[in-house]
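Read off the chains here:
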Amino acid sequence: MRPFDEDALSAASGFSLAEREAVYHAIMTRRDVRSQFLPDPLPDDLVRRLLTAAHHAPSVGFMQPWNFILVKSATVRARVRDAFARANEEAALMFEGERRRAYRSLKLEGIVEAPLGICVTCDPTRSGSVVLGRTHNPRMDSYSTVCAIQNLWLAARAEGVGIGWVSIFHEGDLKSILGIPQHIEVVAWLCAGFVDRLYDEPELSVKGWRQRLPLDELVFHDGWGLNT
Ligand SMILES: Cc1cc2c(cc1C)N(C[C@H](O)[C@H](O)[C@H](O)COP(=O)(O)O)c1[nH]c(=O)[nH]c(=O)c1N2
């Protein structure tokens, strides 16, 4: 049986206790940011570190299907915000009564406030039509792109940069504003900027929209629904 004392763990993983705790600290305190962005531009070398973290994500067949469109232009970001506003009004109408009122009270983007927008895309043709690991599920390239986004999000947390993922768009609007070719999938619009404070819990939770589910209700053993 392998020993699991502190020294053995550090030796085996190459992470000291403080480094292991730092990984969990980034995970637990990462937040989706909508309204706390500071206007200061992000230095290019910092943005480069975030993109490098994203680019080291796992990807199906190592296809690396992502691209990152960096949008500093206030004019372009205003057009993206207008596209959000149109889609968001449609979204509001999908909820009824009190829930619609609550939805409308939420701030769900910081597209203009954040000094940088990062549109993350997925190119399904990046490594040919037959991709190792994607042969029976075509969505694996999108999943890979999401892994890149999560890497970026966690690295950003450690750098004091807030990230807000905005998904309330017609994809065609973003493609048209940014000149993205038809065959490329838009996976995310990320608002990025320095923050000096973050919510301790998800903003949707703090605002009473929805609470974190108990982990034990989500874990099954040896088959669906088997959690005894
Ligand atoms: C794929 C996807 C898409 C979106 C999001 C997330 C993800 C993963 N989230 C953020 C989401 O609301 C948030 O992650 C959860 O509420 C949990 O909060 P924390 O991220 O832990 O702060 C999000 N938030 C928002 O205000 N507007 C949006 O359009 C979206 N879209």
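These figures come from a predicted structure and were not determined experimentally.

> What should I look at first to understand the sheet that holds strand β1 (residues 66-71) in this one?
Within a sheet, adjacent strands bond to each other through the backbone by hydrogen bonds, running parallel or antiparallel. The strand order across the open sheet built from four strands is β1-β2-β4-β3, with neighbouring strands paired in antiparallel fashion. Looking at the sheet topology across the chains shown, the edges are occupied by β1 and β3 (161-166). This sheet shows a mean twist of 25 degrees between the axes of neighbouring strands, independent of strand direction. Looking at chain direction, strand β2 (residues 116-122) and strand β4 (residues 185-194) are connected through seven bridges and run antiparallel.

> How do you make sense of the pattern of salt bridges when you look at a structure like this?
Following the criterion strictly, the structure yields 15 salt bridges and no others. As a salt-bridge pair, Glu203 and Arg34 come within 3.5 Å of each other at their nearest N and O atoms. In this pair, Glu203 is assigned in helix α8 (residues 203-206) and Arg34 in the loop between α2 (17-29) and α3 (44-55), connecting sequence segments 169 residues apart. By the burial criterion, Glu203 is buried, and Arg34 matches it. We note a salt bridge from Lys107 to Glu113, for which the minimum N-O separation is 2.8 Å. Given a relative accessible area of 28%, Lys107 falls into the partly exposed group.

> Any chance you could explain the packing of aromatic side chains here in plain terms?
How two aromatic rings sit relative to each other is set out by the distance from centre to centre and by the angle between their planes. Scanning the entire structure with this criterion turns up six aromatic pairs. On the basis of an interplanar angle of 50 degrees and a centroid distance of 6.1 Å, the ring pair of Trp153 and Trp165 is categorised as tilted. Separated by 12 residues along the polypeptide, Trp153 in helix α6 (residues 140-159) and Trp165 in strand β3 bring together distant segments of the chain. Given a relative accessible area of 10%, Trp153 falls into the buried group. Put simply, the rings of Phe95, Tyr103 and Trp209 touch in pairs and so form one group of aromatic residues.

> Looking at this structure, how should I read the environment of Thr121?
Relative to the helices and strands, Thr121 is located in strand β2. Residue Thr121 is classed as buried on the basis of its relative accessible area of 2%. In this structure, the C-alpha to C-alpha distance between Thr121 and His170, residues 49 residues apart in sequence, is 14 Å. Thr121 has contacts with Pro65, Trp66, Asn67, Ile69, Thr145, Ile180, Ile184, Glu185, Val186 and Val187, leaving out every residue within four places of it along the chain.

> I tried to follow the site of the ligand on my own but got confused; where do I start?
Arg30, Arg31, Asp32, Arg34, Leu108, Trp165, Val166, Ser167, Ile168, Pro202 and Leu204 make up every residue found near the ligand. Ser167 is positioned such that a nitrogen or oxygen atom in its side chain is 2.8 Å from a nitrogen atom of the ligand. Relative to its free-state accessible area of 620 Å², the ligand is covered by the protein chains to the extent of 72%. Within the shell around the ligand, the residues separate by chemical class into six nonpolar, one polar and four charged.

The rules we used
- Residues numbered from 1 in each chain as written.
- Predicted model: local features only at pLDDT ≥ 70, side-chain atom pairs only at ≥ 80, totals over all residues.
- Heavy atoms only, no water.
- Pairing = 2+ DSSP bridges.
- Helix = DSSP H or I, 4+ residues; strand = E, 2+ residues; numbered from the N terminus.
- Axes fitted to C-alpha atoms, helices over the stretch in contact; angles between N-to-C directions.
- Salt bridge = Lys/Arg side-chain N within 4 Å of Asp/Glu carboxyl O.
- Buried < 20%, exposed > 50% of the residue type's maximum accessible area, 1.4 Å probe, protein only.
- Phe/Tyr/Trp six-rings, centres within 6.5 Å; stacked < 30°, edge-to-face > 60°.
- Contact = heavy atoms within 4.5 Å.
- Near = heavy atom within 4 Å.
- Polar contact = N/O pair within 3.5 Å; in protein donor to acceptor, adjacent residues only side chain to side chain.
- Areas by Shrake-Rupley, 256 points an atom, 1.4 Å probe, with all protein chains shown as cover.
- Nonpolar A, V, L, I, M, F, W, Y, C, P; charged D, E, K, R; others polar.

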